[in-house]
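# Structural overview for review
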Amino acid sequence: MNVLVTGGAGYIGSHTCVELIEAGHTPIVIDNLCNSSAKSLDRVREITGTAVKFYEGDVCDETALEKILSENAIDCVIHFAGLKAVGESCSIPLRYYENNLGSTMTLCRVMAKHGVKKIVFSSSATVYSGDNEMPLRETSKTGNCTNPYGWTKYMCEQILRDIAKADPEWSVVLLRYFNPVGAHKSGKIGEHPNGIPNNLMPFISQTAIGKREKLSVFGDDYDTHDGTGVRDYIHVVDLAKGHVAAISHAAKNKGEAVFNLGTGTGYSVLDMVKAFETANDIKVPYVIAPRRPGDLATCYADPTKSREVLHWEAKHDQTDMCRDTWHWQSNNPNGYDE
Ligand code: NAD
Ligand code: UD1
């Protein structure tokens, strides 16, 4: 299939381009590079031997989308483009709503005009309400989001669900990611956050390489096996393969479907630190710090539905996640910058 990949130069998008190519599909990328580098797509070519057709442009720009859909016979869209920093979304909420909702609505309008009615959307476990029992199932309660970023995902899900309800020709697949980590095993593509990382794994790897003095472990008094927060970390290559499964599902099924992409296993912050140290034979200095506001003790998926319906499940383990993160970080200490 010819797959339009919005935000395809980003962390998850670039890994998904690799898996799409390896599964025989043709990715066509639009990205405005607001949080990425086009060099990621050069690396995708180095890994796969296939050049990715790239349009530098904004998904909120109808004219840019018109051009792409006129020039290419697109079968399906994977919509990654979006802003994703939780803290930033609290300080510039309007920018988040404009970008994340605006891009989704403009994209769907242009798709419909061109008769392209299959979309896979990057949602997040953050749409689940904090008062659910674990593990989280697709039927668990959503809403009560704690930040504007989370609300944009919640609202985009609703917009897409309503589109599928109004026009039975649409296939809408909502993928709720848990905690993506790791990198392609080649060490050529990976995650390089701007500034000080908010998420655990990039902070661990930047501490290991000496860019950060020490990791602050946010709270050791949670009701978990060692007191630190537990999350469902998923290797980005498994996540990328989940998108290949999702486009096959969209090709065969109309209507709306929602899937968790997680492993079903939770690890604590200290589990991850120890696994990283062991896998890479390197020390990660840390201190115990106060809890981070808004954090839950525990969050992990029930991935049963994805396994049964998408025939997908995560294959990489915690050691793979830690080893591949470090391989990318140590080969590319400054990300895609020279
Ligand atoms: P990323 O920032 O690396 O990738 C997003 C890409 O979208 C970037 O390349 C950015 O330049 C591009 N972009 C943003 N707005 C755009 C616009 N208006 N037009 C064109 N391009 C635009 O982030 P990622 O981690 O790869 O995340 C991809 C998607 O998955 C996002 O929607 C994110 O919210 C979602 N998600 C990510 C995580 C995570 O932990 N990484 C978890 C859950 C959901
Ligand atoms: C965060 C976002 C969530 C987003 C997800 C993407 C918040 C509140 N939530 O989730 O919306 O979808 O990232 O991956 O920001 N930790 C430390 N020290 C650090 C960083 C993190 O101890 O320097 C701990 C956290 O307290 C948490 C765990 O590590 O227990 C994972 O944190 P993080 O990687 O930020 O992910 P989430 O909080 O799950």
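Residues numbered from 1 in each chain as written. Chains lettered and ligands numbered in written order. Predicted model: local features only at pLDDT ≥ 70, side-chain atom pairs only at ≥ 80, totals over all residues. Heavy atoms only, no water.

### Things to note about the overall build of the protein chain
Helix and strand counts for the protein chain come out as 11 helices and 14 strands. Here the C-alpha radius of gyration of the protein chain, 19 Å, is about what a compact globule of 338 residues would show, namely 20 Å. Summarising its shape, the C-alpha atoms of the protein chain cover approximately 55 × 45 × 40 Å along the three principal directions. Expressed as a percentage of the 338 residues in the protein chain, the buried residues total 54%. Within the protein chain, contacts between residues at least 6 apart in sequence are counted, and of these 79% link residues at least 24 apart. Put simply, the protein chain has 34 plus and 42 minus side-chain charges, and the middle of one group is 2 Å from the middle of the other. (Helix = DSSP H or I, 4+ residues; strand = E, 2+ residues; numbered from the N terminus. Rg over C-alpha atoms; globule rule 2.2 N^0.38 Å. Buried < 20%, exposed > 50% of the residue type's maximum accessible area, 1.4 Å probe, protein only. Contact = heavy atoms within 4.5 Å. Lys, Arg positive; Asp, Glu negative; His and termini not counted. Charge placed at Lys NZ, Arg CZ, Asp CG, Glu CD.)

### A word on unusual backbone geometry
Geometrically, the link from Met134 to Pro135 is a cis peptide bond, its omega value of -5° lying close to zero. Turning to its location among the elements, Pro135 is positioned in the loop between strand E5 (118–124) and helix H6 (148–166). At His311, a position not held by glycine, the phi torsion is positive, near 55°. Judged by relative accessible area, His311 falls into the exposed class, the value being 69%.

### Observations regarding the site of ligand 2
Around ligand 2, the structure places 18 residues, and the nearest of them are Leu200, Ser216, Arg231, Arg292 and Asp295. Thr126 has a polar side-chain atom sitting 3.4 Å from an oxygen atom of ligand 2. Asn199 places a side-chain nitrogen or oxygen 3.0 Å from an oxygen atom of ligand 2. Listing elements by their share of the shell around ligand 2, those giving two or more residues are strand E7 (179–181) and strand E8 (215–218). If you tally residues by element for the shell around ligand 2, the top one is E8, at four residues. Looking at the shell around ligand 2 residue by residue, the class counts come to eight nonpolar, seven polar and three charged. (Near = heavy atom within 4 Å. Polar contact = N/O pair within 3.5 Å; in protein donor to acceptor, adjacent residues only side chain to side chain. Nonpolar A, V, L, I, M, F, W, Y, C, P; charged D, E, K, R; others polar.)

Function cannot be read off these values alone, since they describe shape.
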